[in-house]
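Okay, here's what each chain looks like letter by letter:
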Amino acid sequence: MPSQSKYILGISAYYHDSAACVLRDGEIVAAASEERFTRKKGDAAFPAKAAAYCLREARIGVSDLAAVGFYDKPILKFERILETYLGVAPRGFSSFLKAGPLWVKEKLFTDREMRTAIGALADPRAESPAPFEGDLLYAEHHESHAASAFYPSPFENAAILTMDGVGEWATASIGVGRGADLQILKELRWPNSLGLLYSAFTYYTGFKVNSGEYKVMGLAPYGEPRYVDLIYKHLVDLHEDGSFTLNQKYFNYVSGLTMTSEAFNDLFGGPPRVPETDLTQKEMDLARSVQVVCEDVMLRMAQTAKRETQLDAVCLAGGVALNCVGNGRLLREGPFKDLWIQPAAGDAGGALGVAQLIWHRHFNQPRVVATGRDGRPRDAMKGAYLGPGFSDAEIEAFLKRVGAPYEKMDPKAIPFRIAEIMAEGSIVGWFNGRMEFGPRALGSRSIIGDARNPRMQADMNIKIKFREGFRPFAPSVLRERVADWFEMDCDSPYMLLVAPVKRERQIPMTKEQNETLWGIAKLNVLRSDIPAVTHIDYSARVQTVSDETNPAYHALITAFESLTGCPVIVNTSFNVRGEPIVCTPDDAYRCFMRTHIDYLVLGPYLLSKTAQGAWNEDAGAWQREFQLD
Ligand SMILES: [Fe+2]
């Protein structure tokens, strides 16, 4: 009964990637990003649709909420913005004028406006909705990240490391969680920021800040770390404890609207790469160099966290925790035995963090670590499958409405049927169960294919994702088989750890290939028996799949293994370039029809591309709808 349980709504908004989350007596009932509903990538508006969905999933209304939490303190953030601009005026003045109106209108919102937005969730059509009158509580940005990392983790006690661009003032923090108690011990402050350093190189190498960081990480293996010394000599003064000072002469994010300054351009030999132009060895070397520096900082911060806490486990969150190459190194070379990373490590996860802080701190509730079927501790994220799901009846009603030819499969036959289709070389849109929370698709809203197929990587990049072809895809592997295929033997359910493909499966490049092939051409060389997911340095962004959190996906890969001997498939997010991952059957069908996906699986319904009618859109329609990322 709603009246007997305590419900908390967590909100993150007004920066990038808004999201909402609902807890029932501390348990995560639902969490989702606003972009999935509005179809605007990284939507930063108040998450009205995501919050409405979370309330619907919990079967409650606004009046049932015991409290609402906001993931940061807008006044502190505005103070930082204001002091920054005043401190560097008049150089900063022109950009303040440009950035000003947005801040005044949306970011410097008041408590009253927030209450009105929450009140409107009760009746979105009401002209003047009654404001929410319950408890509205604010946490600090890095505290929200830290809470999202520690509270759902499988650890009773753990060190906590948060790293991102910036929230209010902090850009990184070291904390400790013990039971229900969470404390921040140290923080690094703006403008010294690992996230912004990485973003500066993202900008300079011609990718989009706040989404292209992942591409820089993917480009790094092509390069040599030849700029590392230059970065340490001029840009980054790295201290022994992992804290550092950035030489602001080389950056422009404090005072201007670009990330890097003229001095940066001079140091690295020219202006930033123009987006969408050819990548050169220089961008590859820059990517490798900033990645090396990022890993150095992560490892040193982890050493400090270990020294401060003397604990065996560490939890990570904040945008930098999405750097799965760095995470993999931290696990292999760092001082901690155990590592857990919040899958929604970016600002979306702050909604979940603040809600949990309220549950444990404001309502003073104890924390009980979740356990799995085997009785061992496990995380409380439910595989991150916390978004909307659709019943068979809803899917069938949709298919009838659009007149799409389909076949309803016998549920028991689905795994083998789809495994056969994949083994023949077809690409499948796989829409199954509740949508993932966080930026990665984990087998609910995924495009999947045969990882052994040498053509799969190029086909998926060019014909489906319409994106640059320099990145291989991520593998989904049965948890119980991961050690047979990769140099790791631990859970990586959220695709946040990178590990090498098992050594005996690697195919070394020949001397001739090494001498004649350059840059991206190397990706076409067969480097293992699962080439579609093997990067040129033999690394892979591994997702382990467990029967407990996603039985349908696990059954599919199990069937694929019995058919082919290979328990590994390709998994990439179900979207085209620049599009938020699909949420509804409608989104999935549109993406299926716009691309060269061969088959679409919507729950038990199978659609073949060849059976569909003509699609009434020109080929460039998606490009007009979604801005390239
Ligand atoms: Fe953040």
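The notes below deal with the structure included here. Please read all numbers here as calculations on a predicted model, not as lab measurements. (Residues numbered from 1 in each chain as written. Predicted model: local features only at pLDDT ≥ 70, side-chain atom pairs only at ≥ 80, totals over all residues. Heavy atoms only, no water.)

### Considerations on helix α16 (residues 456-464)
Moving on, step 1. For α16, the full list of buried residues reads M456, Q457, M460, N461 and I464. Buried residues of α16, seen end-on, are gathered within an arc of 125 degrees and therefore sit on one face of the element.
Moving on, step 2. On its buried side, α16 packs onto β15 (445-450) and β19 (568-573). (Buried < 20%, exposed > 50% of the residue type's maximum accessible area, 1.4 Å probe, protein only. Helix = DSSP H or I, 4+ residues; strand = E, 2+ residues; numbered from the N terminus. Arc of directions from axis to C-beta. Contact = heavy atoms within 4.5 Å.)

### Some details on the coordination of the iron ion
Moving on, step 1. At 2.1 to 2.3 Å from the iron ion lie its protein donor atoms, namely H141 (NE2), H145 (NE2), D164 (OD) and D347 (OD).
Moving on, step 2. Viewed at the metal, the four donor atoms of the iron ion are separated by angles of 90 to 168 degrees, and the geometry they form is irregular.
Moving on, step 3. Binding-site remark: the iron ion is held by donors from one chain whose sequence spacing is H-x3-H-x18-D-x182-D. In this pair, H141 is assigned in helix α6 (residues 141-150) and D347 in the loop between β12 (338-341) and α13 (349-362), connecting sequence segments 206 residues apart. (Donors = N, O, S within 2.8 Å, 3.2 Å for Na, K, Ca; no water. Tetrahedral: all angles 85-135°; square planar, octahedral: opposite > 155°, others 65-115°.)

### Examining the sheet that holds strand β8 (residues 181-189)
Moving on, step 1. With mixed pairing, the five strands of this open sheet are ordered in space as β8-β7-β6-β11-β12. Each end of this open sheet is capped by a strand with a single partner; those strands are β8 and β12. On average, each strand axis in the sheet is tilted by 20 degrees relative to the strand beside it, whichever way the strands run.
Moving on, step 2. Two elements, strand β11 (residues 313-317) and β12, share four bridges in a ladder whose sense is parallel. Looking across to β12, one finds that C315 is bridged to W340.
Moving on, step 3. Taken strand by strand, helix α12 (residues 324-333) contacts β11 and β12, and its axis lies near 160 degrees from that of β12. (Pairing = 2+ DSSP bridges. Axes fitted to C-alpha atoms, helices over the stretch in contact; angles between N-to-C directions.)

### Considerations on the nonpolar core
Moving on, step 1. Within the largest apolar cluster, 201 residues are counted, with the highest numbers of intra-cluster contacts made by I11, I418 and F486.
Moving on, step 2. In terms of residue count, the dominant contributor to this core is helix α11 (residues 281-309) (13 residues).
Moving on, step 3. Excluding residues within four positions of it along the chain, F486 makes contact with P475, V477, P500, V501, K502, I530, A540, V542 and V568. (Core = buried A, V, L, I, M, F, W, Y, C linked by side-chain atoms within 4.5 Å.)

### Points about unusual backbone geometry
Moving on, step 1. The omega torsion across W190 and P191 is 0 degrees, close enough to zero to call that bond cis.
Moving on, step 2. Note that P191 resides in the loop between β8 and α7 (194-204).
Moving on, step 3. The phi torsion at K382 lies on the positive side, around 55 degrees, for a residue other than glycine.
Moving on, step 4. Notably, M495 is not glycine yet its phi reads approximately 60 degrees, a positive angle.
Moving on, step 5. Mapped onto the elements of the fold, M495 is located in the loop between α17 (482-485) and β17 (497-500).
Moving on, step 6. Assessed through its relative accessible area of 3%, M495 is described here as buried.

### Some thoughts on helix α9 (residues 228-235)
Residue pairs three or four apart in sequence face the same way in an α-helix, which turns once every 3.6 residues.
Moving on, step 1. V228, I231 and L235 are the residues of α9 that are buried. Along the axis of α9, the buried residues cluster in a sector spanning 80 degrees; they form a single face. The outward face of α9, more than 90 degrees from its buried face, is lined by the exposed residues D229 and K233.
Moving on, step 2. Those residues of α9 hidden inside the fold are in contact with α7, β9 (236-238), β10 (244-246), α10 (262-267) and α11.

### Points about the packing of aromatic side chains
Moving on, step 1. Enumeration over the complete set of coordinates arrives at 20 aromatic pairs.
Moving on, step 2. On the numbers, 5.0 Å between centres and 65 degrees between planes, the contact of Y204 with F264 is edge-to-face. One end of the pair, Y204, is in helix α7; the other, F264, is in helix α10, and 60 residues separate them in sequence.
Moving on, step 3. Judged by its relative accessible area of 2%, Y204 falls in the buried class.
Moving on, step 4. For F264, a relative accessible area of 0% corresponds to the buried category.
Moving on, step 5. Relative to F431, the ring of F390 has its centre 6.1 Å away and its plane inclined at 40 degrees; by these criteria the two rings are tilted. With a gap of 41 residues between them, F390 in the loop between α13 and α14 (392-402) and F431 in strand β14 (residues 428-431) connect regions that are remote in the sequence.
Moving on, step 6. Pairwise contacts between aromatic rings join F201, Y204, Y227, F251, F264 and F268 into one cluster.
Moving on, step 7. In this structure, R471 packs its charged tip against the face of F470, placed 5.9 Å from the ring centre. (Phe/Tyr/Trp six-rings, centres within 6.5 Å; stacked < 30°, edge-to-face > 60°. Lys NZ or Arg CZ within 6 Å of the ring centre and 35° of its normal.)

### A look at the environment of Y232
Moving on, step 1. Within the secondary structure, Y232 is located in helix α9.
Moving on, step 2. Through-space distance from the C-alpha of Y232 to that of V293 is 8.3 Å; in sequence the pair is 61 residues apart.
Moving on, step 3. For Y232, the residues in contact, after removing those within four places along its chain, are L238, V293 and D296.

### A few points about the sheet that holds strand β4 (residues 65-70)
Moving on, step 1. If you walk across this open sheet you meet the five strands as β3-β2-β1-β4-β5, and the pairing is mixed. Two strands close off the open sheet at either side, each with one partner strand: β3 (27-33) and β5 (135-138). Strand after strand, the sheet turns through a mean of 20 degrees between neighbouring axes, direction not considered.
Moving on, step 2. Judged from the six bridges that link them, strand β2 (residues 19-24) and β3 form a sheet pairing that is antiparallel. Of the residues in β3, the one forming a bridge with R24 is E27.
Moving on, step 3. In the packing of helix α5 (residues 111-120) onto the sheet, contacts are made with β1 (7-12), β4 and β5, and the angle to β5 comes to roughly 125 degrees.

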